[in-house]
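Residues per chain, in single letters:
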Amino acid sequence: FAGHHSLMARTRAKTWVQSVVPPALERSVYVWVASLLFIAVCLSWQRVPGVLYTATGWTAWGLALVQLAGVVFTLAGARVLDGLELAGIRQVLGPPRPPDIRAVWPFTVVRHPIYLGWALIVFGASPMTVDRFVWALVSTLYLVIAMPWEERSLCAAAGPAYSAYCRQVRWRMVPGLY
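Residues numbered from 1 in each chain as written. Predicted model: local features only at pLDDT ≥ 70, side-chain atom pairs only at ≥ 80, totals over all residues. Heavy atoms only, no water.

**Q** Quick one: what's the story with the overall build of the chain, residue by residue and with numbers?
**A** Counting secondary structure elements, the chain contains 9 helices and 2 strands. In the chain, the succession of α and β elements from N to C terminus is α-α-α-β-α-α-α-α-β-α-α. Within the chain, the proportion of its 178 residues that are buried is 27%. A sequence separation of at least 24 residues applies to 78% of the contacts in the chain between residues at least 6 apart. Surface exposure of the chain reaches about 10,900 Å², of which carbon and sulfur atoms provide 71%. Distance from the positive charge centre (15 side chains) to the negative charge centre (7 side chains) of the chain: 5 Å. (Helix = DSSP H or I, 4+ residues; strand = E, 2+ residues; numbered from the N terminus. Buried < 20%, exposed > 50% of the residue type's maximum accessible area, 1.4 Å probe, protein only. Contact = heavy atoms within 4.5 Å. Areas by Shrake-Rupley, 256 points an atom, 1.4 Å probe, with all protein chains shown as cover. Lys, Arg positive; Asp, Glu negative; His and termini not counted. Charge placed at Lys NZ, Arg CZ, Asp CG, Glu CD.)

Structure representation (structure tokens):
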């Protein structure tokens, strides 16, 4: 899943896919293959026994709020980016639009609020079993490692507008840290 997600998001891979399917379907093919691979990862996941912690009382409520904040960041980020664009539907409906770089909430907090939302959701789980922790750690590390490549692609696509946005919003994923 990670290999597909990283490699197929590159310009050369997109060009190759467009040589096989109509260009308007390139994003949809990418999304469908990524979705099927994600389902395969979930279905083939092997449980790792053990529980790191189980939150109760106010701690449980606090973790639930962390997860809720993650959902809010994820949905708000997807709304700004245009869910139809992310799903590959917008390409089918009409000609591609140039990247729209806007510093609006939640993109004023971090440059990748959907990734922040993901981390809040997966690390806010309780009980935190060992397999949940491994899933949270591996998937979040993948995002952290892939982020510089994604940002290079965004710089190539949006040019000076994305560079200006990066200067305006300093943090990639975690305010004050990264």
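**Q** So what's going on with unusual backbone geometry? Residues and values would help.
**A** Put simply, tryptophan 105 and proline 106 share a cis peptide bond, and its omega is 10°. Considering the arrangement of structural elements, one finds proline 106 in the loop between helix H6 (89–93) and helix H7 (113–123). Put simply, serine 126 and proline 127 share a cis peptide bond, and its omega is 5°.

**Q** Provide a residue-level description of the side chain of glutamate 26, including the pertinent values.
**A** Examined against the element boundaries, glutamate 26 turns out to sit in helix H3 (residues 26–44). Ignoring anything within four residues of it in the chain, the contact list for glutamate 26 reads Lys14, Val17, Gln18, Val21 and Gln91.

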